[in-house]
Amino acid sequence: MTATDLPTTQLGSSLDTDAAALTAQIGDCEATLAGLPPKRERSTAQQSLADGLHDTARRLRARFLATHAESVYRRLTGDLTERLRLRELVYAAATAFPGLVPTERQIADELRLRQDEKEGREIDQGVFFRAMLRDRIAGPHLLDTMLLPTARAQELLPEFAASGQVDLGPLRLERRSGAAYLTVCNTSALNAEDNELIDAMETAIDLALLDEQVRVGILRGGEMTHPRYAGRRVFSAGINLSKLHSGQISLVDFLLRRELGYIAKLVRGLLIDDHPGAWPRRYRDKPWIAAIDSFAIGGGAQLMLVFDHVIAAADSYFSLPAAQEGIVPGAGNFRLTRSGGPRLARQVILSGRKIWAHEPEARLLCDEVVDPRDMDAAVEAARELLDNSAVVANRRMLNLADESPDAFREYFAEFAAEQSLRLYGEDVLDKVRRSWAR
């Protein structure tokens, strides 16, 4: 069988009828794929066949979801009565609608492989989440679900409330003077982000937002053990490229969870009352300060765009080299255009321009530039400035004016698809091969 041998699905019947037809045709694709050798052992002709099969299956899934996205979501969530996070939702869909998305086992098998050895099944998840987020019923419901406190944070809350500190592995959380100090300490990797750090970040932000004694949140990098920066504080080196190349950076648990989980909570806060008529408000948010030491690369620079007050050491710099890495820089394209203007955004994102804190353009990204020796004092002054209930109300309204929920949802619908495709772009895979060859 070749990819062009597959019949096209005629949609327009009931959800169950169309789902059965989709399952049958995807099953034909999978049966042919199962007869091929592993990707690394395929001939050019065999890989061409596999690519065609995947493309055909993705087009079928996209057409099915264009017709039935809301119905699929309602069934998975008990007609919107259940709250399923990204991971729970996509694997529930794999069970309820066989062939619509990869199973948990299929994704687990892929995660054991190098990025260039995978089938690229995360692209199928990108097809799914684009449709879910595009939908005007499913999308807002899913985004609100991602603003709920995580189970891990709820379990740790009594300990943090009592002691004022918790060790989350790559991140330490401490409460002092009404502020939550989040110190990233992924020291050997220059605070580069991976799945573990994403989980720790969301847990810490949940705890800071849940704890009634915390009024302000502060994020700063810890001192490094990396030989080049030993003893120096570093804010963030962005995504952990070595883990990306080795296949350990996932679309759902890293790239989507990061944006729709902890970063969205920095902007919008936690969903604390699920009723649409909640009074006085449905969300709990607090002001946030970022202290930038050494550099904020990639994901670190993206974070600068959501904080209420950003302090940068005079010898630090910021960059978003995602185009050089072959991926999309999260919401960097969405937010940098707004804060820095379209021309600066193109210079930074498309051309890889690095902005030093002492440059005039840096003031579009940070509020203060101080001598590195004065960072501690500047952080404390900012904490006192933002520890104000009127600040909370005004930052809430500023964020609403800057970033409407619909614009956010529409951006990330397309991001889900584009980022999944970029993970398996030939330029990205070529970097992986060259990295492993070295």
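So, here's what we can say about the structure. For clarity, every value in this text was computed on a predicted model and none was experimentally measured. Along each chain, numbering runs from 1 in the same order as the chain's sequence is written. Residues qualify for local features only when their pLDDT is at least 70, as the model is predicted, and side-chain atom pairs are given and counted only at 80 or more; totals for whole chains, interfaces and linings, by contrast, use all residues. Only heavy atoms go into the side-chain values, all of them from the structure, while hydrogens and water stay out.

## Brief notes about the pairing of strand β3 (residues 179-184)
Side chains on a regular strand alternate between the two faces of the sheet. Residue exposure (1.4 Å probe, protein chains only): buried if accessible area is under 20% of the type maximum, exposed if over 50%, otherwise partly exposed. The secondary structure listing takes helices from DSSP runs of H or I that are at least 4 residues long and strands from runs of E that are at least 2 residues long, numbered from the N terminus. Of all the six residues making up β3, six are buried; the element is thus mostly covered by neighbouring parts of the structure. Here β3 shows a buried face lined by Ala179, Tyr181 and Thr183 and a second buried face lined by Ala180, Leu182 and Val184. A pair of strands is considered paired only if DSSP assigns at least 2 bridges between the two. What sits between strand β2 (residues 171-176) and β3 in their antiparallel hairpin is a turn of two residues, with Ser177 showing a positive phi close to 50°. In this structure, β3 lies alongside strand β4 (residues 216-221), joined through six bridges in parallel fashion. Looking at the pairing, Tyr181 lines up with Ile218 of β4. We call a crossover right-handed when, viewed with both strands directed away from the observer, the connection leading from the first strand over the helix to the second proceeds clockwise. Running through helix α8 (residues 195-210), the crossover from β3 to the neighbouring parallel element β4 is right-handed.

## With respect to the sheet that holds strand β8 (residues 295-297)
Here we have three strands laid out as an open sheet, ordered β8-β10-β11, and mixed in their pairing. The open sheet terminates on both sides in strands that have one partner only, identified here as β8 and β11 (355-356). Of the strand pairs in this sheet, strand β10 (residues 317-319) and β11 are connected by two bridges, and their pairing is antiparallel. Following the sheet pairing, Tyr317 is matched in β11 by Trp356.

## Notes on the pattern of salt bridges
Salt bridges are defined as contacts in which a side-chain nitrogen from Lys or Arg sits within 4 Å of a carboxyl oxygen from Asp or Glu. Applying the stated rule across the entire model yields 47 salt bridges. Of the charged contacts in the structure, one is a salt bridge between Asp274 and Arg83, with a shortest N-O distance of 2.5 Å. Taken together, the residues span a long stretch of sequence, with Asp274 in the loop between β5 (270-271) and β6 (283-284) and Arg83 in the loop between α2 (44-76) and α3 (86-96) at a distance of 191 residues. A residue is classified by how much of its surface remains accessible, and Asp274, at 41% relative accessible area, is partly exposed. The residue Arg87 makes a salt bridge to Glu104 at a minimum N-O spacing of 3.1 Å. In this pair, Arg87 sits in helix α3 while Glu104 sits in helix α4 (residues 104-111), placing the two residues 17 residues apart along the sequence. Relative accessible area serves as the criterion here: at 44%, Glu104 is assigned to the partly exposed category.

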